[in-house]
Amino acid sequence: MTTATAHHDAHHPSGIGRWLTTTNHKDIGTLYLLFALMMFFVGGTMALVIRSELFEPGLQIVTPHFFNQMTTLHALVMIFGAVMPAFVGFANWQIPMMIGAPDMALPRMNNWSFWILPFAFTLLLSTLFMQGQGGAPSGGWTLYPPLSIQGGIGTDFAILSIHMMGISSVLGAINVIATILNMRAPGMTLMKMPLFVWTWLITAFLLLAVMPVLAGAVTMLLTDRHFGTHFFNAAGGGDPVLFQHVFWFFGHPEVYILILPAFGLVSQIIPTFARKPLFGYSSMVYATASIAFLSFIVWAHHMFTVGLPLAGELFFMYATMLIAVPTGVKVFNWISTMWRGSMTFETPMLFAVAFVFLFTIGGLSGLMLAIVPADFQYQDTYFVVAHFHYVLVSGAVFAILGGAYYWLPKWTGHMYNETAGKWHFWLTAIGMNLTFFPMHFLGLAGMPRRIPDYALQFTQFNQWSTVGAFILGFAQLIFVYVVVSAIRGGAKAGDQVWEGAEGLEWTLPSPPPYHSFAVAPKIK
Amino acid sequence: MSITLIKRFPGIISRLILGLGLGFAAPAVFAEYGMNFQKPVTPVAHEILELHNMILIICLVIFVIVFSFMFYSVFAHRKSRGFKAAKFHDNTTLEIVWTVIPFLILVSMAIPSTATLIDMSDVSHSDLTVRITGYQWKWQYTYPGQDISFFSTLTTPQDEIENKAKKDAHYLLEVDNPLVLPVGKKVRFEVTGNDVIHSWWVPQLGIKKDAIPGFINQFWVRADEPGTYRGQCAELCGKGHGFMPIVVRAVSQEDFTKWVAMEKKKAVVESAGSNKTWSRGDLMARGQKAFASTCAACHGAEGKGIPGVFPALAGSKVATGPVDEHIKTVLHGRHTGKYSAQMPAFAAQLNDVDAAAIITFERNSFGNKTGDVVQPSQVKALR
């Protein structure tokens, strides 16, 4: 019986057919991760266009209209094309292996949720070639009406592609929930699950709850644009601020969709390299759940300047400040995990430690942004840009890169090049800080975000930032080199890649068989 | 070589961190860079700066304490130093402590924030009311009590933006008609938007408020020092978002009264102009200026527009067809569906002379050669 299964296991189509028709969680995980990497470069290139234009005052490279297309697409591509698919890639590869399941619960749907994405992004990016009809969407990724009502055909393409990305995310989330709740190996109780699995379970519920809300918001935009409705048109009895409420009711949980799986990744990496169990496992789970709950009642802190009533501003200020408590618990737990461990600093650990340190900078500036009167000065300035890049680049992206280094030997069966990995880390960390730290000062000194040209007193910090962005961008080519060379060969990785690693994935060979855990493992 | 560099990295990094620390300790080094808020000139802006400094310091102290633990651990608890891992993974007392203490710190931050916020939202007992309307891409200031209304538009020449001329010290922060306020008076503002959402922001006044079509937001300002304060639109409002600055001139009550009288006189002269017959040369000269401040933002300085979004005027049917159609388009707007943006109605923004001048200019520029001269009386007839 076991031999029969093993024989069946090894069989799959080869060539392009394998990738188009695959229902295997590892293949689909690989597709997601490679797609995310590609989009990371597409979005990064757009960022470099933005930074090049901002190197000096005056207009040098692009028109303001094209500049706005770049800021809009950069955000959409990075959020929906790079970070979210990367996390789904990790979920696909790791969740079945970490809970002792043979595959995801809904493998055909899994294939579909991935293959929607390339079409969605083809739609979105094709607008760049429609400059004669207004080009790509240019009203910001937040798509605020009435500005987005003015947009050209690119806005309609963006709406359609957002619908597709939403469907893909919801299907992925359903799959994650079904897998985690139904396919754990006997003995793997919920409170024994690795933290990455926990954070993804909670993230999946957030996705289910808010992606339909975004779909609703953009559908209302579409009907306002083309079918004569006036949801957001004040002249027709509508309300432009309604869109912002609906959008941020999606948007704030979305922020945690982008960071909770990162918390999970870091919570796997730090104990491994500290050779010490995760400190406060259950408080980590409860903190994650509290953050997820709070994320639903803080959305209007993105809208403090729209003129909310005083009581509303106070409520959203207090609720937002509360998020600092569970987030603080997480940071303290990570540091306590490191405390009196026996640490080594391979590349995954470097990214994880940098994550804890730099993400906290973004967390603290987030706390500052919650203070309404001060927010009136910070809102829509580069201070906000600095804040969300500290949580998204040194937060989400650093965790993704750390996670990739952590499991690359498991996935490919080869050790990656540690020297190149360390170079990648240090250049990324230096480039990242050089790019985004000066933005705090720019914002405080009064530079609004989303402007293609600026007053002279902002010149120096913008130049630092542009130099940093190019270091950050080109450093990522090292990562491509590391990944490609690990796929092609290198020192053989054992089952237990890292001395201190614990979990079911390390009981499998590296690379794991095409179908792992055809017989459920026993959990003590 | 790369290996030795990597081995030396900790040293390099610690020196970098030290350098950064020194940078903070000696802000004079970075004085010309502008690293914190601009000098506040209203009571509210002062309160905000104090609040900001307080939270910033609390955050920095927390950060330094928390991460001194982490970095101590990173340096001391290393396998390479032979440190053996401890086994602990829970400590209820500790976990309660680090949940309760942050909560108390948050409460201590929330109290002064609440007080400031309540103070900011009290717009009662004001001495003067000013209405602000955001347009793509300029501001309109109306003083309902004084019967004054005017537009405020960027004056930075296109040549400076395109790097063909040396940039002025107030590059992108200069306007034709600044907002004028009396010093020491509580001024209540009503702010709204005409087309899309804008945001009126002057850092030194401590105010940022969105200008939203269909909504009227309120705030108040009391400038305590005379001076010129500059700001910008803070909400993305299209391609001209970076080019609609705000300039506020705070003057003594005496100068303010003089300014009001002068503005009123100007308005009388303006309205007299709409009854006389203008020469082609005068209309063209006036039209060129008015076009630059009112129309060029969308239709382009060269009248070429943006394909698919804003129509070109060069050779357009409206600008070369019947004069009445052209006047109606300018006054009442137009939406054909061929372009994604729609032409707004300018009847409220342009007086008869400016509208006539713009139309004359458009019909005889960018290669359009209709030879028409449009008089203010023709505009008046079609209002």
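The residue numbers shown here count from 1 along each chain, following its written sequence. Just so you know, chain letters begin at A and ligand numbers begin at 1, following the order they were written in. A pLDDT threshold of at least 70 governs which residues receive local features in this predicted model, and a stricter bar of 80 or more applies before side-chain atom pairs are shown or counted, although totals over entire chains, interfaces and linings include all residues. Water and hydrogen atoms play no part in the side-chain values, which are based on all heavy atoms of the structure.

Points about empty space enclosed by the protein
1) Next: For each structure, a 1 Å grid was placed over the protein atoms alone; sets of points admitting a 1.4 Å probe that cannot get out are labelled cavities, open sets with protein on both sides within 12 Å along at least five of seven lines are labelled pockets, and lining residues have an atom within 4 Å of a point. Grid points are joined across faces, edges and corners, and a volume is the space filled by probe spheres set on the points. Summed over the entire model, instances satisfying the criterion amount to four cavities of 30 Å³ or more.
2) Next: Volume-wise, the largest cavity comes out at about 180 Å³.
3) Next: Forming the boundary of the largest cavity are 19 residues, of which His65(A), Ser138(A), Leu147(A), Gln150(A) and Gly238(B) lie nearest the centre.
4) Next: The way it works is that DSSP assigns letters per residue, a run of H or I at least four long becomes a helix, a run of E at least two long becomes a strand, and they are numbered from the N terminus. Counting residues per element, the ones that place at least two in the lining of the largest cavity are α4 (64-99) and α6 (147-150) of chain A.
5) Next: Tallying contributions element by element places α6(A) first for the lining of the largest cavity, with three residues.
6) Next: Under this grouping Gly is polar, as are all residues other than the nonpolar Ala, Val, Leu, Ile, Met, Phe, Trp, Tyr, Cys and Pro and the charged Asp, Glu, Lys and Arg. Considering only residue class, the lining of the largest cavity consists of seven nonpolar, 11 polar and one charged.

Overview of a nonpolar patch on the surface
1) Next: For patch detection, residues must exceed 30% relative accessible area and be free of salt bridges, and they are connected within 9 Å for like charges or within 5 Å for nonpolar side chains (Val, Leu, Ile, Met, Phe, Trp, Tyr). Areas reported here follow the Shrake-Rupley algorithm with a probe of radius 1.4 Å; residue values treat only the protein chains shown as occluding. We count a salt bridge whenever a side-chain nitrogen from Lys or Arg sits within 4 Å of a carboxyl oxygen from Asp or Glu. On the surface, a cluster of nonpolar side chains totalling about 620 Å² of accessible area is made up of Leu322(A), Ile96(B), Val100(B), Phe103(B), Leu104(B), Val107(B) and Ile111(B).
2) Next: Tallying contributions element by element places helix α3 (residues 92-120) of chain B first for the nonpolar patch, with six residues.
3) Next: Mapping Ile96(B) onto the fold places it in helix α3.

What to know about the packing of helix α10 (residues 260-274) of chain A against helix α14 (residues 347-370) of chain A
Residue and element names in this part refer to chain A.
1) Next: Axis angles are defined between N-to-C directions and span 0 to 180 degrees, where every axis is a line fitted to C-alpha atoms and, for a helix, only to the segment in contact. Contact geometry of α10 with α14 gives a least axis separation of 9 Å together with a crossing angle of 125°. Regarding the angle of α10 to α14, the classification is oblique. Regarding α10 and α14, the two cross each other, and that crossing is left-handed. Residues Ala-262, Phe-263, Val-266, Ile-269, Ile-270, Phe-273 and Ala-274 of α10 form the contact with α14, whose own contacting residues are Pro-348, Met-349, Ala-352, Phe-355, Val-356 and Phe-359. Roughly parallel here means an angle under 35 degrees, roughly antiparallel means over 145, roughly perpendicular means 65 to 115, and every remaining angle is called oblique. Rotating anticlockwise by less than a right angle from the far helix to the near helix defines a left-handed crossing, while the corresponding clockwise rotation defines a right-handed one. Residue contacts follow a heavy-atom distance rule, with two residues in contact if any of their heavy atoms lie within 4.5 Å.

Points about the interface of chain A and chain B
1) Next: In this complex, chain A contributes 106 residues to the contact, which on the side of chain B involves 99 residues.
2) Next: By buried area we mean the combined loss of accessible area, with a 1.4 Å probe, across both parts when two parts are placed together. Summed over both sides, the interface of chain A with chain B buries roughly 8,900 Å², with 72% coming from carbon and sulfur.
3) Next: Contact with chain B buries area across many residues of chain A, yet Gln150(A), Trp339(A) and Gln377(A) alone supply 8% of it, more than any other trio.
4) Next: For the interface between chain A and chain B, the tally reads one salt bridge.
5) Next: For Lys79(B), the salt bridge goes to Glu499(A), with nearest N and O atoms at 2.9 Å.
6) Next: N or O atoms closer than or at 3.5 Å make up a polar contact, with two conditions inside protein: a donor-capable atom paired with an acceptor-capable one, and, for residues adjacent in sequence, both atoms drawn from side chains. At the boundary of chain A with chain B, the tally comes to 26 residue pairs in polar contact (both at pLDDT 80 or more).
7) Next: Its residues assigned to classes, the side of chain A that touches chain B shows 61 nonpolar, 33 polar and 12 charged.

Let's talk about the sheet that holds strand β2 (residues 138-143) of chain B
Residues and elements named next belong to chain B.
1) Next: Here, a strand pair is defined by DSSP locating no fewer than two bridges between the strands. Strand order in this open sheet of five strands is β3-β2-β1-β5-β8, and the pairing throughout is mixed. Because the sheet does not close on itself, it has two edges, and the strands there are β3 (148-152) and β8 (217-221). Across this sheet, the average inter-strand angle for adjacent strands is 25°, counted without regard to direction.

Details of the nonpolar core
1) Next: Side-chain atoms within 4.5 Å are what join buried Ala, Val, Leu, Ile, Met, Phe, Trp, Tyr and Cys residues into a set we call a nonpolar core. Exposure is judged per residue with a 1.4 Å probe applied to protein chains only, and the accessible area is read against the type maximum: over 50% gives exposed, under 20% gives buried, and values in between give partly exposed. Judged by nonpolar contacts, the single largest core of 261 residues is most densely connected at Phe80(A) and Trp200(B).
2) Next: Ignoring sequence-local partners within four residues, the contact set of Phe80(A) consists of Pro85(A), Phe121(A), Trp141(A), Met165(A), Met211(A), Leu214(A), Phe250(A) and Glu254(A).
3) Next: Formed by 23 residues, the second largest nonpolar core is a distinct cluster that contains Ala290(B), Ala355(B), Ile359(B) and Phe361(B).

With respect to helix α13 (residues 324-338) of chain A
Counting along an α-helix, one turn takes 3.6 residues, and residues three or four places apart therefore face a common direction.
Residue and element names in this part refer to chain A.
1) Next: One fewer than the residue count of a helix, multiplied by 1.5 Å, yields its expected span. Counted at 1.5 Å a residue, the expected span for α13 with its 15 residues is 21 Å, and the 21 Å between its end C-alpha atoms agrees.
2) Next: The element α13 is largely enclosed, with a buried count of 14 among its 15 residues.
3) Next: Looking one or two places after α13, you find Arg-340, whose phi comes out positive at around 60°.

Some words on the packing of helix α8 (residues 195-226) of chain A against helix α9 (residues 240-257) of chain A
Axes are the key here: two packed helices are described by the angle between their axes and the distance separating the axes.
All names here are of chain A.
1) Next: Two elements in contact, α8 and α9, have axes separated by 9 Å at closest approach and are oriented at 150°. On the basis of their axis angle, the class for α8 and α9 is roughly antiparallel. As α8 packs across α9, the resulting crossing turns out to be left-handed. Mapping the contact onto sequence places Thr-203, Leu-206, Leu-207, Val-210, Met-211, Val-213, Leu-214, Ala-217, Met-220 and Leu-221 in α8 and Leu-242, Phe-243, Val-246, Phe-247, Phe-249, Phe-250, Pro-253, Glu-254, Tyr-256 and Ile-257 in α9.
2) Next: Among the residues forming the contact of α8 with α9, the class breakdown is 18 nonpolar, one polar and one charged.

Comments concerning the environment of Pro40(B)
All names here are of chain B.
1) Next: Among the secondary structure elements, Pro-40 is positioned in the loop between α1 (2-25) and α2 (43-76).
2) Next: For Pro-40, a relative accessible area of 9% gives the class buried.
3) Next: It is 4.5 Å that separates the C-alpha atoms of Pro-40 and Gln-204, two residues lying 164 residues apart in sequence.
4) Next: Once you skip the residues sitting within four places of it in the chain, Pro-40 turns out to touch Ala-45, His-46, Leu-49, Gln-204 and Glu-225.

Some thoughts on the side chain of Asn175(A)
Residue and element names in this part refer to chain A.
1) Next: Relative to the helices and strands, Asn-175 resides in helix α7 (residues 153-182).
2) Next: Owing to a relative accessible area of 1%, Asn-175 belongs among the buried residues under this scheme.
3) Next: Residues in contact with Asn-175, not counting those within four places in the same chain, are Met-104, Ala-105, Leu-106, Met-109 and Asn-110.

Here we look at the pairing of β2(B)
The two faces of the sheet receive side chains in turn, since in a regular strand these alternate between them.
Residues and elements named next belong to chain B.
1) Next: Along β2, five of the six residues are buried, which leaves the element largely enclosed by surrounding structure.
2) Next: Here strand β1 (residues 128-135) folds back onto β2, and the loop between the two strands holds two residues.
3) Next: Relative to β3, β2 runs antiparallel, the two being bridged by five bridges. Residue pairing for β3: Gln-140 is matched across the bridge by Phe-151.

Re the pairing of β3(B)
1) Next: Across the five residues of β3(B), four count as buried, placing the element largely inside the fold.
2) Next: The turn linking β2(B) back onto β3(B) is made up of four residues, and Asp147(B) within it adopts a positive phi angle of 60°.

Here we look at the sheet that holds strand β10 (residues 245-251) of chain B
Residues and elements named next belong to chain B.
1) Next: If you walk across this open sheet you meet the five strands as β4-β10-β9-β6-β7, and the pairing is mixed. Single-partner strands in this sheet number two, and they are β4 (179-182) and β7 (207-211). Sheet twist, expressed as the average angle between the axes of neighbouring strands with direction ignored, equals 25°.
2) Next: Two elements, β4 and β10, share four bridges in a ladder whose sense is parallel. Across the sheet, the residue bridging to Val-180 is Arg-249, located in β10.

Considering the packing of aromatic side chains
What characterises a pair of aromatic rings is the spacing of the ring centres plus the angle enclosed by the ring planes.
Residue and element names in this part refer to chain A.
1) Next: Aromatic rings from Phe, Tyr and Trp, with only the six-membered ring used for Trp, were paired whenever their centres fell within 6.5 Å, and each pair was classed as stacked if the ring planes differed by under 30 degrees, edge-to-face if by over 60, and tilted otherwise. Counting across every chain of the model gives 71 aromatic pairs over all chains.
2) Next: Geometrically, the ring pair formed by Trp-141 and Phe-247 is edge-to-face, given 5.2 Å between the ring centres and 70° between the ring planes. With Trp-141 in the loop between α5 (107-126) and α6 and Phe-247 in helix α9, this residue pair connects regions lying 106 residues apart in the sequence. Side by side, Trp-141 and Phe-247 carry an identical accessibility label, which is buried.
3) Next: When the centroid spacing of 6.2 Å and the interplanar angle of 85° are considered together, the rings of Phe-263 and Phe-355 count as edge-to-face. Remark: Phe-355 occurs in helix α14 and Phe-263 occurs in helix α10; sequence separation between them is 92 residues.
4) Next: On the basis of relative accessibility, which here comes to 1%, the residue Phe-263 falls in the buried class.
5) Next: The exposure class of Phe-355 is buried, given its relative accessible area of 0%.

Some details on the confidence of the model for chain B
Residue and element names in this part refer to chain B.
1) Next: Note: pLDDT gives the predictor's confidence per residue, expressed from 0 to 100. With 91% of its residues at a pLDDT of 70 or more, chain B shows a mean pLDDT of 87.
2) Next: Every residue in residues 1-32 scores below 50 in pLDDT, and together they form 15 contacts with partners more than four places removed in sequence or on other chains.
3) Next: For this predicted complex, the interface confidence reaches an ipTM of 0.91, while the overall pTM sits at 0.90.

With respect to unusual backbone geometry
1) Next: Following Ser510(A), the chain continues into Pro511(A) via a peptide bond in cis, with omega recorded as -5°.
2) Next: The omega angle of the peptide bond from Gln136(B) to Trp137(B) is 0°, so this bond is cis rather than trans.
3) Next: Locating Trp137(B) in the fold gives a position in the loop between β1 and β2.
4) Next: Of note in this structure, Leu143(A) is not a glycine but carries a positive phi near 55°.
5) Next: In this structure, Leu143(A) sits in the loop between α5 and α6.
6) Next: With relative accessibility at 3%, the residue Leu143(A) sits in the buried group.
7) Next: Even without being a glycine, Arg450(A) presents a positive backbone phi close to 60°.
8) Next: Considering the arrangement of structural elements, one finds Arg450(A) in the loop between α17 (418-445) and α18 (459-488).
9) Next: According to the relative accessible area criterion, Arg450(A) is buried, its value standing at 11%.

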